[in-house]
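# Structural overview for review
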Amino acid sequence: MALEDIQAKSFPPEKLTAHLSATLDGAQALRRRVGVIAVADQVTEGLFWTAACLAALCHDAGKIPDGFQAMLKGLVRAWGERHEVVSLGFLPNLIGDERLLTWVATGVATHHRSLEGGRGPLIHAYGAVPEEEWRGRLHPIPGDVAAELHEWLERTARQAGLPVTSGACGQMEVISAARQTFALLVNRWEMPVPQNEGLTAVLLQGAVTLADHVSSAHGSLHACQPLDAEFRPLLEKAFADQGRALRPHQLGAASIDGHLLMRAPTGSGKTEAGLLWAASQAMAISQATGGVPRVFFTLPYLASINAMAVRLGDLLGDETLVGVMHSRAASYHLAAAICPQDGEGEHADAARKAVSRAAATRLFRETVRVGTPYQILRGVLAGPAHSGTLVDVANSVFVLDELHAYEPRRLGYILATAQLWERLGGRVAVLSATLPDALARLFREALRQDVHLVEASTEGLRRRHRLVLRERHLTDSASVDEIRSRLSGQESVLVVANNVADAQHLFAELEPEVDTAFLLHSRFRRMDRSALEAAITARFGTGGLRRPGLVVATQVVEVSLDVDFDCLFTSAAPLEALLQRFGRVNRIAARPPADVVVHPAAFAPRRKGSEEFADGVYPRVPVEEGWNILSRHDGAEVDETQARVWLDEVYGTAWGQAWCDEVLRHQAEFTDAFLGFAHPFVSRDELSELFDELFDGTEAVLTRDRDAYEASLDQVTGNSAAGRLLAERYLIPMPYWAAPLTSWEKRLGVRIVDAEYDERLGLGEIHGRAAQVYQAGEVL
């Protein structure tokens, strides 16, 4: 057997040398994109990318044993050994510098498995094994092929400008050298290491795994940043075409060099200011590191992420430049590609393309990405599955929009991770229309470098809302009659309830009164939710014709849709939430101040506990504090410049101090658990599910949709991922704690819920054993 006969993969077939060359190319492309990572260069004395490229070149050299090749040919079901351990045997004869050898060996050995813990840890498999057993398990290795591969590796490394030494490599030397090098690694990483050293090790692991994944997928990384020096002229032209010019706060954001806090009212161009700042930071980081910084624009809600992706794509003139980064990204691409009149063939083709597009983003293709912060936060789980995220965010720009929307635990985690981004050469901005001083202070204290504040001028700002308070609950019959009267006057009316049960009740009461009515909450099937949002935006979108009608919604409407109504009726909630709801009315101040009518919440404890919550959702104290503040302004036009003063009053209470303390506690908890990296190659797999529970929730298929779900799985021939994507249209999102209300169907890999469902009303009464623990419409 000769080297040219050795395969790296069987489906599709790929020669070993071709795969190693492609992975080296991937590592070099990643090096050009990320640039110099200061913390990693300090630890490795400038050897980081050299080590990453050499590890990428050698990572799969250990696939030459007869056992591995027999597995690829289908002669045996499994080899049972780890090829990356054999790969270590090629390194000592290539690398004479022991410092470099240790780092290269680290990248090679850890690109699939952890050293300790998790699935198949390497130390458990090989750590205490005598040399004779190593030989017996990994033998035979064809000596001629090993020598030929060594020569090829040396030649290829030299052609790439990588420092290697000359040497020879025979059959037994590979095994013996592999064992010695593995022992070197165990000795290097078995004891705790300093923070930056552990972080550098994970970054190296991420560089090798990412290069390997890009190579295996035959993918590519975008090599330019569209938010560059040309972006400002592009935006100025787009504004000029609309008779507008850049505002002072937008110009101020563009001139900042460093972190940013931006306060700007809705409709003042806050997003454009954030993008101008991002373009300036990307250019500065590029000059300092030689790389192509990535820009991450994060928002808390999927619908607002999807809308922002479209907006950015339109602004940049090419929607393929923008990656969508959340757990349902493929569903977003599918929804954008299909039409109701499309048949199964068109759906199947669209699903293939959507899966491909989402997969490319998961391999970090685009340099501009819009998503939730959670997809980036997952990088702290490290290991072969997540370390690529960490190296991808190095030297990047982060725009965190609507940071106030996160509850204390998530906010604490995000602030802790922002500290990590800064350590990795990143720059961070927080944008908000209603940023309280307490949150601004937490952000400033989280970062070491200066944070610059830019505030939009409110001079000449037209008042958009008139505040009206009622003393009865939103679901009271008199409240319903008042809403009816506004509908009869041919107004567009938005009603926002705090929970699904109230929303469904109000919709049932009010829908007969109007020709066009929609109900929107989070418990719809994906395909129905997408259709609802599209229909609502088409009728009530900002800047469109004013049309009468009704939308009854829960909190999902707060920042998810760019809509504009004539008046609002809402249940009381924390001030931040209410201000977001107000923003859906008279959105661009094109009319005289519009009524925003606020009704008191009903306070009661949840099932298991004594603490009282507003309509079962919000803690009592901040809702009451907000109500007391609004009561002083009942009947007045809302001065949006005073909104922050109101918020500061709430956060200045004992409740506000407790809130800050809770955020800081979670920030410290996250830092201690995830950001020390003292044991960089101990698996964190057990924390992955906890992460999903906190950030992603779960989903279920209706019993009545089970057969359609199964049929969709097989709809796309030869592409199971595309079939699953089509099936996911039937999924209904639910929080993790609601899992007991469902049953798990192992064969289909999905949860099933036996419940009433209506395309216009969403999830209703749940049947079966779950009916004993669930009330119809209860907050999920």
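Not measured: the values here are computed from a predicted model.

### As for the sheet that holds strand E18 (residues 618-619)
What links the strands of a sheet is backbone hydrogen bonding, and the strands pair in either a parallel or an antiparallel sense. In space, the 3 strands of this open sheet follow the order E16-E17-E18, with antiparallel pairing throughout. Looking at strand neighbours, the two that pair on one side only are strand E16 (603-605) and E18, the edges of this open sheet.

### A short note on a negative patch on the surface
On the surface, Glu4, Asp5, Asp144, Glu148 and Glu151 cluster together into a negatively charged patch. Position of Glu148 relative to the elements: it lies in helix H9 (residues 143-159).

### Some thoughts on the nonpolar core
Judged by nonpolar contacts, the single largest core of 124 residues is most densely connected at Ile37, Leu149, Leu153 and Leu203. Apart from residues no more than four positions distant in its own chain, Leu149 is found in contact with Leu3, Leu16, Leu20, Ala61, Ile64 and Phe90. Of all hydrophobic cores here, the second largest spans 73 residues; its members include Leu469, Phe565, Ala573 and Trp627.

### A short note on the environment of Leu381
Mapping Leu381 onto the fold places it in the loop between helix H18 (373-377) and helix H19 (383-393). C-alpha separation for the pair Leu381 and Arg684, spaced 303 residues apart in sequence, amounts to 5.8 Å. Among all residues touching Leu381, those that are not within four sequence positions of it are His386, Phe674, Arg684, Leu687, Ser688 and Phe691.

### Topic: the confidence of the model for the protein chain
Any residue range with low pLDDT should be treated as having predicted coordinates unsuitable for detailed reading. Per-residue confidence for the protein chain averages 89 on the pLDDT scale, and 91% of its residues sit at or above 70. Of the regions scoring below 50 in pLDDT, residues 770-780 engages in 27 contacts with residues more than four places distant in sequence or in other chains.

### Some words on the packing of helix H1 (residues 16-34) against H9
Between H1 and H9, the least distance of the axes is 12 Å, while the angle of their chain directions is 25 degrees. Put simply, H1 runs roughly parallel to H9. Of the two possible hands of crossing, H1 and H9 adopt the one that is right-handed. Between H1, through Leu16, Thr17, Leu20, Ser21 and Leu24, and H9, the contact on the second element is made entirely by Leu149, Trp152, Leu153 and Thr156. Partitioned by chemical class, the residues of the contact of H1 with H9 number 6 nonpolar, 3 polar and no charged.

### Quick notes on the pattern of salt bridges
Evaluated as defined, the whole model comprises 57 salt bridges. Note that Lys270 and Glu402 form a salt bridge whose closest N and O atoms lie 3.4 Å from each other. Remark: Glu402 occurs in the loop between strand E7 (397-401) and helix H20 (408-423) and Lys270 occurs in helix H14 (residues 270-289); sequence separation between them is 132 residues. In terms of burial, Lys270 and Glu402 fall into one category: buried. In this structure, Glu728 and Arg526 form a salt bridge, with 3.2 Å as the shortest nitrogen-oxygen distance. Note that Glu728 is positioned in the loop between helix H31 (720-727) and strand E20 (731-734) and Arg526 in helix H24 (residues 526-540), a separation of 202 residues in sequence. In this structure, a network of salt bridges that share partners links the residues Arg263, Asp437, Glu455, Arg644 and Asp648.

### So, the environment of Trp189
Relative to the elements of secondary structure, Trp189 occurs in helix H10 (residues 171-189). Judged by its relative accessible area of 5%, Trp189 falls in the buried class. Spatially, the C-alpha atoms of Trp189 and Thr106 are 9.2 Å apart, while their sequence positions differ by 83 residues. Excluding residues that lie within four positions of it along the chain, Trp189 makes contacts with Trp103, Thr106, Leu115, Glu197, Ala201, Pro680 and Phe681.

### Some points on H24
Taking 1.5 Å as the rise per residue, H24 with 15 residues should run 21 Å; its terminal C-alpha atoms sit 21 Å apart, in good agreement. By the burial criterion, the buried members of H24 are Arg526, Asp528, Arg529, Leu532, Glu533, Ile536 and Phe540. One face of H24 carries all of its buried residues, which in axial projection span an arc of 160 degrees.

### A look at the sheet that holds strand E19 (residues 698-702)
The sheet built from 4 strands is open, its strands ordered E20-E19-E22-E21 with mixed pairing. Of all the strands in the sheet, just E20 and strand E21 (743-745) have a single pairing partner and so form its edges. Direction aside, the axes of adjacent strands within the sheet are offset by 45 degrees on average. When E19 meets E20, the two strands line up antiparallel, connected through 4 bridges. Bridge pairing in E20 links Glu699 to Pro733.

### Considerations on the packing of H20 against helix H28 (residues 654-674)
In the contact formed by H20 and H28, the axes pass within 7 Å of each other and the chain directions differ by 50 degrees. With respect to H28, the element H20 is oriented oblique. H28 is crossed by H20, and the crossing has right-handed handedness. Across the interface between the two elements, Pro408, Arg409, Leu411, Gly412, Tyr413, Leu415, Ala416, Thr417 and Gln419 from H20 touch Trp659, Glu662, Val663, His666, Gln667, Glu669, Phe670 and Thr671 from H28. In the contact of H20 with H28, the residues fall into 8 nonpolar, 6 polar and 3 charged.

### With respect to unusual backbone geometry
Cis geometry is found at the peptide bond from Phe11 to Pro12, where omega equals -10 degrees. Along the chain, the position of Pro12 falls in the loop between strand E1 (7-10) and strand E2 (13-15). Omega for the bond connecting His139 with Pro140 falls within 30 degrees of zero, at 0 degrees, which places this linkage in the cis form. Look at Glu45: it is not a glycine, yet its phi comes out positive at around 55 degrees. Within the secondary structure, Glu45 is located in the loop between helix H2 (38-44) and helix H3 (48-58). Unlike most non-glycine residues, Asn586 shows phi in positive territory, near 45 degrees.

### With respect to the pairing of strand E5 (residues 322-325)
The alternating pattern of E5 places Val322 and Val324 and Gly323 and Met325 on opposite faces, both of which are buried. Of the strand pairs in this sheet, E5 and strand E6 (residues 368-371) are connected by 4 bridges, and their pairing is parallel. Bridging across to E6, Gly323 finds its partner in Arg369.

### Observations regarding the side chain of Glu14
Here Glu14 lies in strand E2. Buried and unpaired, Glu14 has Lys9 as its nearest opposite-charge partner, separated by 5.4 Å. Filtering out sequence-adjacent residues up to four positions away, Glu14 remains in contact with Gln7, Ala8, Lys9, His19 and His218.

### Things to note about the packing of aromatic side chains
When we look at a pair of aromatic rings, we describe it by the centre distance and by the angle of the planes. Under the definition given, this model contains 16 aromatic pairs. Centroid distance Tyr126 to Phe182: 6.4 Å. Interplanar angle 75 degrees. Geometry classified as edge-to-face. In this pair, Tyr126 is assigned in helix H7 (residues 122-126) and Phe182 in helix H10, connecting sequence segments 56 residues apart. Phe182 shares its class with Tyr126; the two are buried. Clustering of aromatic rings is evident, with ring pairs tying together Trp103, Trp189 and Phe681. Above the ring of Phe239, the side-chain terminus of Arg244 is found at 4.0 Å from the ring centroid. If you follow Arg620 out to its NZ or CZ, it ends over the ring of Phe603, 4.3 Å from the centre.

Reading the values: the criteria
Residues numbered from 1 in each chain as written. Predicted model: local features only at pLDDT ≥ 70, side-chain atom pairs only at ≥ 80, totals over all residues. Heavy atoms only, no water. Pairing = 2+ DSSP bridges. Helix = DSSP H or I, 4+ residues; strand = E, 2+ residues; numbered from the N terminus. Patch = residues over 30% accessible without salt bridge, like charges linked within 9 Å, V, L, I, M, F, W, Y side chains within 5 Å. Areas by Shrake-Rupley, 256 points an atom, 1.4 Å probe, with all protein chains shown as cover. Salt bridge = Lys/Arg side-chain N within 4 Å of Asp/Glu carboxyl O. Lys, Arg positive; Asp, Glu negative; His and termini not counted. Charge placed at Lys NZ, Arg CZ, Asp CG, Glu CD. Core = buried A, V, L, I, M, F, W, Y, C linked by side-chain atoms within 4.5 Å. Buried < 20%, exposed > 50% of the residue type's maximum accessible area, 1.4 Å probe, protein only. Contact = heavy atoms within 4.5 Å. pLDDT = per-residue confidence, 0-100. Axes fitted to C-alpha atoms, helices over the stretch in contact; angles between N-to-C directions. Parallel < 35°, antiparallel > 145°, perpendicular 65-115°, else oblique. Left-handed = near helix turned anticlockwise from the far one by under 90°. Nonpolar A, V, L, I, M, F, W, Y, C, P; charged D, E, K, R; others polar. Expected span 1.5 Å × (residues − 1). Arc of directions from axis to C-beta. Phe/Tyr/Trp six-rings, centres within 6.5 Å; stacked < 30°, edge-to-face > 60°. Lys NZ or Arg CZ within 6 Å of the ring centre and 35° of its normal.

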